[in-house]
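Here is how the chains run, residue by residue.
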Amino acid sequence: MTAGEKAKAKTEQAKGKTKEAAGSAIGNDRMVAEGQAEKSTGDAREAKEKAKDAFKR
């Protein structure tokens, strides 16, 4: 996994978690959904990079 892609994945996951928590705290369902989507995007990016690493070996 390249360092840049790993950092992007972790950043997206953190932003998503933060947005999800903030939306939940203020009762904004749309913000919660956006946070979950961002977190999922980060998870998918991380999984893709891990799969690429597994096939390199």
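Residues numbered from 1 in each chain as written. Predicted model: local features only at pLDDT ≥ 70, side-chain atom pairs only at ≥ 80, totals over all residues. Heavy atoms only, no water.

Novice: Give a description of the side chain of Glu5 that names residues and reports values.
Specialist: Looking at where Glu5 falls in the secondary structure, it is placed in helix α1 (residues 3-26). A polar side-chain atom of Glu5 sits 3.1 Å from a polar atom in the side chain of Arg45. Not counting residues up to four positions away in its chain, the partners in contact with Glu5 are Arg45 and Glu49. (Helix = DSSP H or I, 4+ residues; strand = E, 2+ residues; numbered from the N terminus. Polar contact = N/O pair within 3.5 Å; in protein donor to acceptor, adjacent residues only side chain to side chain. Contact = heavy atoms within 4.5 Å.)

Novice: How would you explain the environment of Asp29 if you had to name every residue and give the values?
Specialist: One can find Asp29 in helix α2 (residues 29-56). Given a relative accessible area of 65%, Asp29 falls into the exposed group. Expressed as a C-alpha distance, the spacing of Asp29 and Asp53, which sit 24 residues apart in the sequence, is 36 Å. (Buried < 20%, exposed > 50% of the residue type's maximum accessible area, 1.4 Å probe, protein only.)

Novice: Just give me the short version of α2, but keep the residues and values in it.
Specialist: Compared with an ideal rise of 1.5 Å per residue, which puts 28 residues at 40 Å, α2 spans 41 Å between its outermost C-alpha atoms and is within 8% of the ideal. Three or more residues of α2 are buried, namely Val32, Gly35, Gly42, Glu46, Glu49 and Asp53. Each element contacted by the buried residues of α2 is listed here: α1. If you check the start of α2, you find a side-chain oxygen 3.1 Å away from the backbone N of Arg30, and it comes from Asn28. (Expected span 1.5 Å × (residues − 1).)

Novice: Explain α1 residue by residue, including any values.
Specialist: With 24 residues, α1 should cover 34 Å at 1.5 Å per step; its first-to-last C-alpha distance of 35 Å lies within 8% of that length. Where α1 ends, the next residue or the one after it, Gly27, has phi of about 80 degrees, a positive value.

Novice: Describe in detail the pattern of salt bridges, supporting the description with residues and values.
Specialist: The tally for this structure, following the rule as stated, stands at 10 salt bridges. Note that Lys8 and Glu5 form a salt bridge whose closest N and O atoms lie 3.9 Å from each other. On the criterion of helical spacing, the pair formed by Lys8 and Glu5 is a turn pair, its members being three residues apart in helix α1. Lys8 gets classed as partly exposed once you look at its relative accessible area, which sits at 45%. Of the charged contacts, one joins Glu34 and Lys19 as a salt bridge, the two residues approaching to 3.6 Å between their closest N and O atoms. Linking Glu34 in helix α2 with Lys19 in helix α1, this pair joins segments that are 15 residues apart in sequence. Through salt bridges with shared partners, a single ionic network connects Glu5, Lys8, Glu12 and Arg45. (Salt bridge = Lys/Arg side-chain N within 4 Å of Asp/Glu carboxyl O.)

That's the geometry; what it means functionally is another story.
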